[in-house]
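Listed below are the residues making up each chain.
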Amino acid sequence: MKEKVKITVAVLVDVPLKDAWESFIGEDCVVHWNFASDDWHCPWARNDFRVGGEFVYRMEARDGSFGFDFEGTYQAIEDRKRIAYVMGDDRRVELSFTQDGDSTRVVETFEAEGQNSLELQRQGWQAILDNFKKYAESKKKG
């Protein structure tokens with residue numbers, strides 16, 4: 001069996017670990033950041049945040065031309081440290097959350113799929129993580 005290519009993206013979020021964690025897992029938060037560009041959005045999210053629990057985040061083009069459900073099942077959760085899940089197509093994803101001074105470093109590693117270039121996948125996942133950073137930091141100010 002051929003080993004899948006893994007891609008890693010990361011971001012440093014200027015909020016404490018507790019706030020970053022809550023912004024990442026809350027259904028009411030996910031809808032504010034889970035899209036790669038401004039012409040997309042996440043109209044709803046369901047998150048059964050426990051080992052064995054499932055999540056479904058709806059991702060749609062704002063013009064209604066295309067949409068899909070991003071979904072997976074949690075394999076491991078270490079409170080405020082680590083999340084591991086398997087997506088619907090059996091690709092694995094791992095996230096780590098680490099306190100870095102007054103900020104939080106979030107590192108996400110995912111198995112690439114075969115349809116899009118590795119660079120396009122890296123850019124898309126990084127853009128979503130950058131949106132997460134913007135959202136989490138905006139909550140701090142608000």
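Structure first, text after, so check above.
About the thresholds
Residues numbered from 1 in each chain as written. Predicted model: local features only at pLDDT ≥ 70, side-chain atom pairs only at ≥ 80, totals over all residues. Heavy atoms only, no water. Helix = DSSP H or I, 4+ residues; strand = E, 2+ residues; numbered from the N terminus. Buried < 20%, exposed > 50% of the residue type's maximum accessible area, 1.4 Å probe, protein only. Contact = heavy atoms within 4.5 Å. Pairing = 2+ DSSP bridges. Core = buried A, V, L, I, M, F, W, Y, C linked by side-chain atoms within 4.5 Å. Phe/Tyr/Trp six-rings, centres within 6.5 Å; stacked < 30°, edge-to-face > 60°. Lys NZ or Arg CZ within 6 Å of the ring centre and 35° of its normal.

(A) The environment of Ala10, seen in detail. Tracing the chain through its elements places Ala10 in strand E1 (residues 6-13). Residue Ala10 is classed as partly exposed on the basis of its relative accessible area of 34%. In this view, Ala10 contacts Val106, Val107, Gln126 and Leu129; residues no more than four positions away in its chain are not counted.

(B) Expanded view of the pairing of strand E4 (residues 54-61). In terms of residue burial, E4 counts as a mostly covered element, since 6 of its 8 residues are buried. Sheet analysis places strand E2 (residues 40-41) next to E4, joined by 2 bridges and oriented antiparallel. Looking across to E4, one finds that Trp40 is bridged to Ala61. Between the antiparallel neighbours strand E3 (residues 45-47) and E4 lie 6 residues, among them Gly52 with a positive phi of about 90 degrees. Hairpin connection between E4 and strand E5 (residues 67-78): a loop of 5 residues separates the two successive antiparallel strands, and Gly64 in this loop has a positive phi of roughly 80 degrees.

(C) Layout of the nonpolar core. Of all hydrophobic cores here, the largest spans 36 residues; its most connected members are Phe24, Ile83, Tyr85 and Phe132. It is helix H3 (residues 118-141) that contributes the most residues to this core, 6 residues altogether. Residue contacts for Tyr85: discarding those within four places in its chain leaves Phe55, Phe70, Thr73, Tyr74, Gln75, Arg91, Arg92, Val93, Leu95, Glu108 and Trp125.

(D) Broad picture of the environment of Ala45. Assignment of secondary structure puts Ala45 in strand E3. Given a relative accessible area of 11%, Ala45 falls into the buried group. For the pair Ala45 and Asp90, spaced 45 residues apart in sequence, the C-alpha separation works out to 20 Å. Residues within four places of Ala45 in sequence aside, it is in contact with Glu27, Val30, Val31, Val56 and Tyr57.

(E) Looking closely at the packing of aromatic side chains. In this structure the tally under the stated criterion is 19 aromatic pairs. Ring centres 5.8 Å apart and planes at 75 degrees place the aromatic pair Trp21 and Phe49 in the edge-to-face group. Residue Trp21 is located in helix H1 (residues 17-25), and its partner Phe49 is located in the loop between E3 and E4; the two are separated by 28 residues in the primary sequence. A relative accessible area of 3% means that Trp21 is categorised as buried. A cation over a ring is seen here: Arg62 above Phe35, with NZ or CZ 5.9 Å from the ring centre.

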